[in-house]
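Each chain, letter by letter, is given below.
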Amino acid sequence: MPNQLLKRLAALKRQRNAVILGHNYQRPEVQDASDYTGDSLGLSRRAAETDADVILFCGVRFMAETAAVICPDKTVLIPDPNAGCPMANMATPRELEKAKAEHPDAAVVCYVNSSAEIKAMSDVCCTSANAVSVVKSIPEDREVLFIPDRSLGSWVAKQLGRELILWPGYCPTHHRILTKHVDAARRAHPNAEVVVHPECLDDVAAGADHVGSTSGMLRYCRESKADQFIIGTETGMLHPLRKENPDKEFFPAAELADCPDMKLTTIEKMVWSLEDLSYRVEVPPETAKLARSAIDRMLHTR
Ligand code: CIZ
Ligand code: SF4
């Protein structure tokens, strides 16, 4: 990475009093140029704590929206306005309205991978790190409509032995990881543990040694006695795992699990973003207020 660009980025960061948040799925050089890296929940917490005036959010739009909802007084920027999430787009307000009318008594639990509008229409939000405890906090006799990720919903249902109303959304990147890929990786690395994300297909999750969020994967691999791991999630995750565990080896379950939206962020775009204070991510106050309630309910779940 040309040093000049990184120097320019550092100078702009000081000038703008900005903090750079980078998701675990970002390009390695973007993660290395971030002040904090982590999953969307961890980064939202950083956003809530920061004294910075500007948050440069290196991730996809719904994550920057969440930061904007939590920090209404700060300027939230995303380096590329096209960085969306196909899964988040699989739940629209009109469709959710219809589903809520069909299940008027159901509690709506929405995965953080959703637009602020969808969060505003939901009872409580969750991430892959806390989905099980969030659903558990809802009384057993109440129906739960889980949106938009069918795979995560079905994994949570299995963990709790509880039936959930599932939504037909999914992550195209995680669904590229197939059992045959995991089997081939196991044959190539017979001593490795298989660690996958709950956005993976049901049979991939069922065959894994551990299923968890990206923050959960970091914890699991740090604590595990194994020294080789096959990782079933977006390939950006290999970077923080390798950085934190230099004595362990990490192999992707499938090289194809690359999220094109996550990879839209580059150092150049980060520099342009701080130069121009673009692209601003704003959520209308009414929507933000309701979305905030769903997020706060998640944060207060134990
Ligand atoms: O919540 C996140 O950051 C996502 C999308 C992945 C994960 O499990 O950390
Ligand atoms: Fe969305 Fe999947 Fe990309 Fe995450 S990896 S941003 S869920 S498409």
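Being a predicted model, the structure only gives us computed values, none of them experimental. Each residue is numbered by its place in its chain's sequence as written, counting from 1. Ligands are numbered from 1 and chains lettered from A, in the order in which they are written. Selection of residues for local features in this predicted model requires a pLDDT of at least 70, selection of side-chain atom pairs for listing and counting requires 80 or more, and totals for whole chains, interfaces and linings are taken over all residues. In computing side-chain values, all of the structure's heavy atoms are included and hydrogens and water are not.

(A) Representation of the state of the cysteines. Two cysteine sulfur atoms make up a disulfide if the distance between them is within 2.5 Å. The final tally for this structure, using the stated rule, is 0 disulfides. Lacking any disulfide linkage, Cys126 is separated from the closest cysteine sulfur, that of Cys125, by 6.5 Å. Only protein chains enter the accessibility calculation, which uses a 1.4 Å probe; a residue whose area is less than 20% of its type maximum is buried, one above 50% is exposed, and one in between is partly exposed. For Cys126, a relative accessible area of 0% gives the class buried.

(B) Representation of the nonpolar core within the structure. In this structure, Val109, Leu145 and Ile231 are the most contacted members of the largest nonpolar core, which totals 92 residues. In terms of residues, this core owes the most to one element, helix H4 (residues 61-70), which gives 7 residues. The contact definition used throughout considers only heavy atoms, calling two residues in contact when any of these lie within 4.5 Å. Beyond its immediate chain neighbours, meaning those up to four positions away, Ile231 contacts Val195, Met217, Cys221, Leu238, Leu241, Phe250, Phe251, Pro252 and Ala253. Residues belong to a common nonpolar core when they are buried Ala, Val, Leu, Ile, Met, Phe, Trp, Tyr or Cys residues joined through side-chain atoms within 4.5 Å. By definition, any uninterrupted DSSP run of H or I lasting at least four residues is a helix, any uninterrupted run of E lasting at least two residues is a strand, and each is numbered from the N terminus.

(C) Structural view of the pairing of strand E9 (residues 193-196). Burial along E9 is two-sided: Glu193 and Val195 facing one way and Val194 and Val196 facing the other are all buried. Here, a strand pair is defined by DSSP locating no fewer than two bridges between the strands. Across 4 bridges, E9 lies against strand E11 (residues 228-232) in parallel orientation. Note that in E11 the partner of Val195 across the bridge is Ile231. The sheet contact formed by E9 and strand E10 (residues 210-211) spans 2 bridges and is parallel. In the strand pairing of E10, Val196 is matched with Val211.

(D) Main features of helix H13 (residues 267-276). Listed in full, the buried residues belonging to H13 are Ile267, Lys269, Met270, Val271, Ser273 and Leu274. At its buried positions, H13 is contacted by helix H1 (3-16), strand E1 (18-23), helix H2 (28-32), strand E3 (54-58) and strand E4 (75-77). One or two residues past the end of H13 sits Leu277, with phi positive at roughly 50°.

(E) Expanded view of the domain arrangement of the chain. Annotation of the chain at the domain level lists domain 1 (3-84 + 262-283), domain 2 (88-166) and domain 3 (174-252). A straight line from the C-alpha centre of domain 2 to that of domain 3 covers 26 Å. At the junction of the two partners, domain 2 supplies 9 residues and domain 3 supplies 11 residues. Two parts placed together each lose some accessible area under a 1.4 Å probe, and the buried area is that loss summed for both. At the boundary of domain 2 with domain 3, total buried surface from both sides reaches about 740 Å², with 49% on carbon and sulfur atoms. Whenever a carboxyl oxygen of Asp or Glu lies within 4 Å of a side-chain nitrogen of Lys or Arg, that contact is scored as a salt bridge. Along the contact surface separating domain 2 from domain 3 lie 0 salt bridges. Here a polar contact is taken to be a pair of N or O atoms separated by no more than 3.5 Å, where protein atoms must pair a possible hydrogen donor with a possible acceptor and residues adjacent in sequence count only if both atoms sit in side chains. Counting across the domain 2 and domain 3 interface gives 5 residue pairs in polar contact (both at pLDDT 80 or more). Looking at which element gives the most residues to the side of domain 2 that touches domain 3, the answer is helix H8 (residues 150-160), with 4 residues. Of the residues in the side of domain 2 that touches domain 3, the class split is 4 nonpolar, 4 polar and 1 charged. Note: domain ranges come from an automatic or database domain assignment. Basically, the charged four are Asp, Glu, Lys and Arg, the nonpolar ten are Ala, Val, Leu, Ile, Met, Phe, Trp, Tyr, Cys and Pro, and anything else, Gly included, counts as polar.

(F) Structural detail: the packing of helix H3 (residues 40-49) against H4. Fitting a line to C-alpha atoms yields each axis, with helices limited to the stretch in contact; the angle taken between N-to-C directions then spans 0 to 180 degrees. Contact pair H3 / H4: the axes reach a minimum separation of 9 Å and the direction vectors enclose 35°. Along this stretch, H3 crosses H4, giving a crossing that reads as right-handed. Along the contact surface, H3 presents Ser40, Ser44, Ala47 and Ala48, while H4 presents Met63, Thr66, Ala67 and Ile70. Of the residues in the contact of H3 with H4, the class split is 5 nonpolar, 3 polar and no charged. Crossings are classed by handedness, with left-handed meaning an anticlockwise turn of the near helix from the far one by less than a right angle and right-handed meaning a clockwise turn.

(G) Geometry of empty space enclosed by the protein. Grid points spaced at 1 Å and placed over the protein atoms alone form the basis of the search, with a cavity being a set where a 1.4 Å probe fits but cannot get out and a pocket an open set showing protein on both sides within 12 Å along at least five of seven lines. Lining residues have an atom within 4 Å of a point. Grid points are joined across faces, edges and corners, and a volume is the space filled by probe spheres set on the points. Overall, the coordinates contain 2 cavities of 30 Å³ or more when judged by the stated rule. Considering the residues around the largest cavity, the lining is formed by 29 residues, among which Tyr25, Phe62, Met63, Asn113 and Glu199 are closest to the centre. Counting only elements with at least two residues in the lining of the largest cavity, the list comes to H3 and H4. When its volume is computed, the second largest cavity comes out at roughly 30 Å³. Around the second largest cavity, the lining residues are Ser40, Leu41, Ser44, Thr66, Ile70, Val112, Ile295, Met298 and Leu299. When contributions to the lining of the second largest cavity are tallied by element, the ones reaching two or more residues are H3, H4 and helix H14 (285-299).

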